[in-house]
Structures are given as structure tokens and as C-alpha cells.
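This is what each chain is made of:
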Amino acid sequence: MPQWLQAGLWGLLAGGALVLGAAVGYRVKIPPRLVAAVMAFGSGVLISALSFELMDEAFNRGGLDSTALGFVGGAAVYTAANYLLAHRGARHRKCSGGRQASEQQHEGSGLSIALGALLDGIPESMVIGLSLLKGGAVSTVAVAAIFLSNLPEGLSSAAGMKKAGRGAGYIFGVWGGIALASGLAAVAGFVLFAGSSPELVAATTAVAAGAILAMLVDTMIPEAFEQAHDFAGLITVAGFLAAFALSKLSH
């Protein structure tokens, strides 16, 4: 199987967790604290993956300069885009409660929420394609981390969308489209950077890592802490440890 196709399928698998989570969140009433706990666990998994998989790999490939520049640049670009979308109704796009803006409350919020979800997913998916550039095998840790973080994201956001009055067509259209975009982003991560210099690959990997960390701090962790604040830190640590152990076992 061509490697670009492998990248796309792995990206589609990780993005498919959004649809799976959305289906559960739309049809089943799950306690908000449980959703928050899963989101906290997923946050810990992603923090571990970007620390020991992405940043370490970027440093080994391109050194500190490329890695640092890409990391800060990715965080800055994500923060700027998220700021604009947050002020257009997408601030609580991961929230399962009644805080997500409806179209009546904020005109254009539906499009902003969809764009925000896409903004959250693209850096993660590109990492999958980039990981294939190292030895021709995808990073199972990266795929597992993205899948585990996407599941509660889809679940929580879909529940919030439903409470905001959005229909099934909109909800599953958004998450299905983003799952497809995740596969395409993974293909792009592999195809666009195959044959590129180690410094460029390192910088791009670090850009994705910076964007992911900014996303976690700006969106996932606050929503998780709001509902599960008593145990959010401990659950996040458990997710971090699980991904750290997986990364060591896979090497």
C-alpha cells in the first residue's frame, strides 16, 4: 500500500473518533463530569505525545533553532485564529453544557464552530503524515493520542451543539467533514514534506506541536477543569503516563 494512502487512512481513523464521539454525545446523555474526565485524560495523552514524540523528534531532526521557531510560530498562529473565531461564537465549541452559542444568540456561530473544530484538528492530523517520514512507519503513539483526544471532543461538542438547537444534519456534517479533512491533512503532511530537508520537517513538526499545545490550554483543558476540577489534574497525569508508557514500549 502506498505510504500516502497509509497516512490518509491513519488520519481518517483518528478523525473518525470525532464522528464516533458525536454519535454517542448526540444520542446518549452522559454526565458532564464523565465527559470532562475523558477530556482531561485525552489532554494528558496529547501533552505526553507532543513532548516525547513530536518535540523530541523535531529536535533530533533539525536542532533547537528550527524546533523553537516552529513551536512558538505554531502556537502564535493557532492563538490568533482561535481568538478571531472565539469572538464570532466559537468560544465554547467543546462544551457539552448550554454555553455553546446558538445561531439566534450569535449569527454565524455555526460556521465559526465548524471552522474552529477544523482548526483544532488539522495540526494533529498533519503530525500523522509527518511521522511516516521517519522510517516509513506511522507513530502509533501519535495516532492513539489523537484518537483518544478526538473522542471526548466529538462527544462534548455534539452534546453542546444539540443543546444549542442544531440538528443532526449539521452536527454529523461538521464532524464527518472534519474526519475526512483529517485524512487529507495526514496525506498532505506526508506528500508535501517527503524529500524536504530535516530542518523543514523539524520546523513543521514543531509548528504542529505548538498549535496542539495552544489548543489544549485554550479549549480542552478549561472545559475539562470546569466540570472535573476536583480530579482533573490527576486524570490528566494518568493520560500523560499512559502515553509515555506507550511511547517507551513502542521503541
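Just so it is clear, the structure is predicted and the values come from calculations on it, not from any experiment. (Residues numbered from 1 in each chain as written. Predicted model: local features only at pLDDT ≥ 70, side-chain atom pairs only at ≥ 80, totals over all residues. Heavy atoms only, no water.)

**Q** Would you take a moment to explain the overall build of the protein for this structure?
**A** From N to C terminus, the protein includes seven helices and zero strands. Ordered by position in the sequence, the α and β elements of the protein form the string α-α-α-α-α-α-α. Across the 251 residues in the protein, those meeting the buried criterion constitute 49%. Of the roughly 10,900 Å² that the protein leaves accessible, carbon and sulfur atoms contribute 71%. (Helix = DSSP H or I, 4+ residues; strand = E, 2+ residues; numbered from the N terminus. Buried < 20%, exposed > 50% of the residue type's maximum accessible area, 1.4 Å probe, protein only. Areas by Shrake-Rupley, 256 points an atom, 1.4 Å probe, with all protein chains shown as cover.)

**Q** What's the story with the packing of helix 1 (residues 3-27) against helix 4 (residues 140-163) in this structure? I'm lost.
**A** Between two packed helices, what matters for the description is the angle formed by their axes and the separation of those axes. For the pair helix 1 and helix 4, interaxial distance at closest approach is 6 Å and the crossing angle is 30 degrees. With respect to their mutual orientation, helix 1 and helix 4 come out roughly parallel. Like other packed secondary-structure pairs, helix 1 and helix 4 cross with a definite hand, here right-handed. For the pair formed by helix 1 and helix 4, the contact residues are W10, L13, A14, G15, A17, L18, L20, G21, A22, V24, G25 and Y26 on the first element and V143, I146, F147, N150, L151, E153, G154, L155, A158, A159 and K162 on the second. Of the residues assigned to the contact of helix 1 with helix 4, the class counts are 16 nonpolar, five polar and two charged. (Axes fitted to C-alpha atoms, helices over the stretch in contact; angles between N-to-C directions. Parallel < 35°, antiparallel > 145°, perpendicular 65-115°, else oblique. Left-handed = near helix turned anticlockwise from the far one by under 90°. Contact = heavy atoms within 4.5 Å. Nonpolar A, V, L, I, M, F, W, Y, C, P; charged D, E, K, R; others polar.)

**Q** Would you take a moment to explain the packing of helix 4 against helix 5 (residues 168-191) for this structure?
**A** Between helix 4 and helix 5, whose axes approach to 10 Å, the crossing angle comes to 155 degrees. Of the possible angle classes, the one that applies to helix 4 and helix 5 is roughly antiparallel. Regarding helix 4 and helix 5, the two cross each other, and that crossing is right-handed. Residues E153, G154, S157, A158, M161 and K162 of helix 4 form the contact with helix 5, whose own contacting residues are Y170, I171, V174 and W175. A per-class count over the contact of helix 4 with helix 5 returns six nonpolar, two polar and two charged.

**Q** Hey, could you run me through the pattern of salt bridges in this one?
**A** Opposite charge on two side chains permits them to pair, given that their charged atoms come into close proximity. Enumeration over the complete set of coordinates arrives at one salt bridge. For E57, the salt bridge goes to R61, with nearest N and O atoms at 2.9 Å. Remark: R61 and E57 occur in helix 2 (residues 32-90); sequence separation between them is four residues, near one turn of the helix. Assessed through its relative accessible area of 19%, E57 is described here as buried. Relative accessible area serves as the criterion here: at 24%, R61 is assigned to the partly exposed category. (Salt bridge = Lys/Arg side-chain N within 4 Å of Asp/Glu carboxyl O.)

**Q** Before we go on, may I ask you to explain the packing of aromatic side chains in this structure?
**A** Given two aromatic rings, one states the distance between the centres and the angle between the planes to describe the pair. Evaluated as defined, the whole model comprises three aromatic pairs. Geometrically, the ring pair formed by Y26 and F172 is edge-to-face, given 5.6 Å between the ring centres and 70 degrees between the ring planes. Remark: F172 occurs in helix 5 and Y26 occurs in helix 1; sequence separation between them is 146 residues. On the basis of relative accessibility, which here comes to 25%, the residue F172 falls in the partly exposed class. Seen from their ring centres, F52 and F240 are 5.7 Å apart, and the 70 degrees between their planes marks the pair as edge-to-face. Residue F52 is found in helix 2, and its partner F240 is found in helix 7 (residues 232-249); the two are separated by 188 residues along the sequence. Exposure remark for F240: the relative accessible area of 29% places this residue in the partly exposed category. These aromatic residues form a ring-pair network of at least three members: F52, F240 and F244. (Phe/Tyr/Trp six-rings, centres within 6.5 Å; stacked < 30°, edge-to-face > 60°.)

**Q** What exactly am I supposed to notice about helix 7 here?
**A** Along an α-helix, a turn takes 3.6 residues, which lines up residues three or four apart on a common side. Here helix 7 contains 18 residues, and its C-alpha end-to-end distance of 26 Å stays within 8% of the 26 Å for a straight helix at 1.5 Å per residue. Within the sequence span of helix 7, burial applies to A232, G239, A243 and S247. Taken down its axis, helix 7 places every buried residue within 75 degrees of arc, on the same side. Counted as exposed and oriented over 90 degrees from the buried face of helix 7: L234, V237, L241 and L249. (Expected span 1.5 Å × (residues − 1). Arc of directions from axis to C-beta.)

**Q** Help me understand the UniProt feature "transmembrane region" (unreviewed entry) in the protein in this model?
**A** Within this structure's numbering, the places UniProt gives as "transmembrane region" (unreviewed entry) are residues 6-27, 34-55, 67-86, 127-148, 168-193, 200-221 and 227-246. Measuring from the first to the last C-alpha atom of residues 67-86 gives 28 Å, for a span that is 100% helix and 0% strand. Helix makes up 100% of residues 200-221 and strand 0%. Its end C-alpha atoms lie 30 Å apart. (UniProt positions renumbered as here; feature names shortened; annotations may be inferred.)

**Q** What is the right way to look at the environment of I212 in this model?
**A** Checked against the element boundaries, I212 lands in helix 6 (residues 198-228). As for I212 and S43, which are separated by 169 residues in sequence, their C-alpha atoms are 9.9 Å apart.

**Q** Mind showing me how you'd approach helix 5 here?
**A** For helix 5, spanning 24 residues, the distance from its first C-alpha to its last is 34 Å, which sits close to the expected 34 Å at 1.5 Å a residue. For helix 5, the set of buried residues is I171, V174, W175, I178, A179, A181, S182, G183, A185, A186, G189 and F190.

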